Amino acid sequence: MKISTRGRYALRFMIDLAQHGNNGYTALKDMSRRQGISVKYLEQITSLLSKFGLLQSVRGPQGGYKLAKKPSEYTVGEILRITEGDLAPVACLAQAVNTCPRVKECPTLCLWTGLKKVINDYLDSKTLEDLLSSSPAELASDIALEEPV
């Protein structure tokens with residue numbers, strides 16, 4: 001699994017809205033300048049996030065976008081599943097029902113199922129508020145990484 005530019009930019013977009021949300025609606029041109037993302041790309045992201053009810057928008061000169069909920073109510077997993085689709089590490093786990101012809105005899109299925117659970121549990125445990133209030137070092141300390149032997 002690899003998170004695309006769209007998923008990464010959507011997270012940056014949502015964090016930016018959370019950071020600047022006290023000022024009401026944020027214009028895409030302002031966010032584009034702050035984040036270094038084209039307005040055209042941001043329009044694609046806002047369309048998708050709006051469709052799923054994550055954003056509120058107002059048209060016009062004073063218009064723009066703002067979060068529909070508090071930053072603590074958005075999980076990273078929710079945002080990434082909207083922009084990326086299922087976060088399964090293998091294709092056979094991306095559907096609600098595994099239709100792989102080898103599902104009953106696959107010796108690695110439990111490995112991939114466990115990995116999917118770990119990925120989703122971790123991403124669902126992190127909110128926009130967590131990303132706003134934590135340093136990169138604090139977020140990294142959530143995962144105990146072992147040094148290679």
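Because the structure is a prediction, the values reported are computed rather than measured.

**Examining the overall build of the protein chain**
A count of helical and extended segments in the protein chain gives seven helices and two strands. Starting at the N terminus and walking to the C terminus, you meet the elements of the protein chain as α-α-α-β-β-α-α-α-α. In the protein chain, which comprises 149 residues, the proportion classed as buried is 34%. Contacts spanning at least 24 positions in sequence make up 62% of the contacts within the protein chain whose residues lie at least 6 apart. Summing over all exposed atoms, the protein chain offers an accessible surface of approximately 9500 Å²; the carbon and sulfur share of this is 54%.

**Quick look at the pairing of strand β2 (residues 64-67)**
In terms of strand pairing, strand β1 (residues 55-58) meets β2 through four bridges, oriented antiparallel. Residue pairing in the sheet places S57 in a bridge with Y65 of β2. The loop that links β1 with its antiparallel partner β2 comprises five residues; one of these, G60, has a positive phi angle of about 110°.

**Here we look at the packing of aromatic side chains**
If you walk through the whole model with that rule in mind, you get two aromatic pairs. Summarising the aromatic geometry, the rings of F13 and Y65 are spaced 6.4 Å apart at their centres and angled 70° between planes, so their arrangement reads as edge-to-face. Note that F13 is positioned in helix α1 (residues 5-20) and Y65 in strand β2, a separation of 52 residues in sequence. Y65 sits in the buried class, given a relative accessible area of 18%. The positively charged end of K69 is found above the aromatic ring belonging to Y74, 4.7 Å away from the centroid.

**Describing the confidence of the model for the protein chain**
Atomic detail in the predicted coordinates should be set aside for any region of low pLDDT. With 89% of its residues at a pLDDT of at least 70, the protein chain reaches an overall mean of 88. The least confident element of the protein chain is helix α7 (residues 136-140), whose mean pLDDT is 60; the most confident is helix α4 (residues 76-84), at 96.

**Some details on the nonpolar core**
Membership of the largest hydrophobic core comes to 28 residues, with the highest contact counts inside it found for F13, M14, L49, L55, L67 and I79. Elements represented by at least two residues in this core include exactly α1, α2 (28-35), α3 (39-51), β2, α4 and α5 (109-125). It is α1 that provides the largest number of residues to this core, a total of eight residues. The residues touching L55, leaving out its near neighbours within four places in the chain, are F13, M14, L17, T46, L49, S50, Y65, K66, L67 and A68.

**Brief notes about the packing of α1 against α4**
In the contact formed by α1 and α4, the axes pass within 9 Å of each other and the chain directions differ by 135°. Judged by the inter-axis angle, α1 sits oblique to α4. Crossing handedness for the pair α1 and α4: right-handed. The segment α1 lies against α4, with R6, G7, A10, L11 and M14 engaging V76, I79, L80, T83 and E84.

**Some thoughts on the environment of S72**
In this structure, S72 sits in the loop between β2 and α4. C-alpha separation for the pair S72 and L128, spaced 56 residues apart in sequence, amounts to 6.0 Å.

**Comments concerning the side chain of T46**
Structurally, T46 is set in helix α3. The buried category is assigned to T46, whose relative accessible area is 1%. Contacts of T46, omitting those with residues within four sequence positions, involve F13, L28, L55 and Y65.

**Some thoughts on α3**
Given a rise of 1.5 Å per residue, 13 residues ought to cover 18 Å, and the 18 Å separating the end C-alpha atoms of α3 matches this to within 8%. Here α3 has its buried residues at L42, I45, T46, L48 and L49. Projected down its long axis, α3 carries its buried residues within an arc of 165°, all on one side. Exposed and oriented more than 90 degrees from the buried face of α3 are K40 and K51. On its buried face, α3 sits against α1, α2, β1, β2 and α4.

Parameters at a glance
- Residues numbered from 1 in each chain as written.
- Predicted model: local features only at pLDDT ≥ 70, side-chain atom pairs only at ≥ 80, totals over all residues.
- Heavy atoms only, no water.
- Helix = DSSP H or I, 4+ residues; strand = E, 2+ residues; numbered from the N terminus.
- Buried < 20%, exposed > 50% of the residue type's maximum accessible area, 1.4 Å probe, protein only.
- Contact = heavy atoms within 4.5 Å.
- Areas by Shrake-Rupley, 256 points an atom, 1.4 Å probe, with all protein chains shown as cover.
- Pairing = 2+ DSSP bridges.
- Phe/Tyr/Trp six-rings, centres within 6.5 Å; stacked < 30°, edge-to-face > 60°.
- Lys NZ or Arg CZ within 6 Å of the ring centre and 35° of its normal.
- pLDDT = per-residue confidence, 0-100.
- Core = buried A, V, L, I, M, F, W, Y, C linked by side-chain atoms within 4.5 Å.
- Axes fitted to C-alpha atoms, helices over the stretch in contact; angles between N-to-C directions.
- Parallel < 35°, antiparallel > 145°, perpendicular 65-115°, else oblique.
- Left-handed = near helix turned anticlockwise from the far one by under 90°.
- Expected span 1.5 Å × (residues − 1).
- Arc of directions from axis to C-beta.

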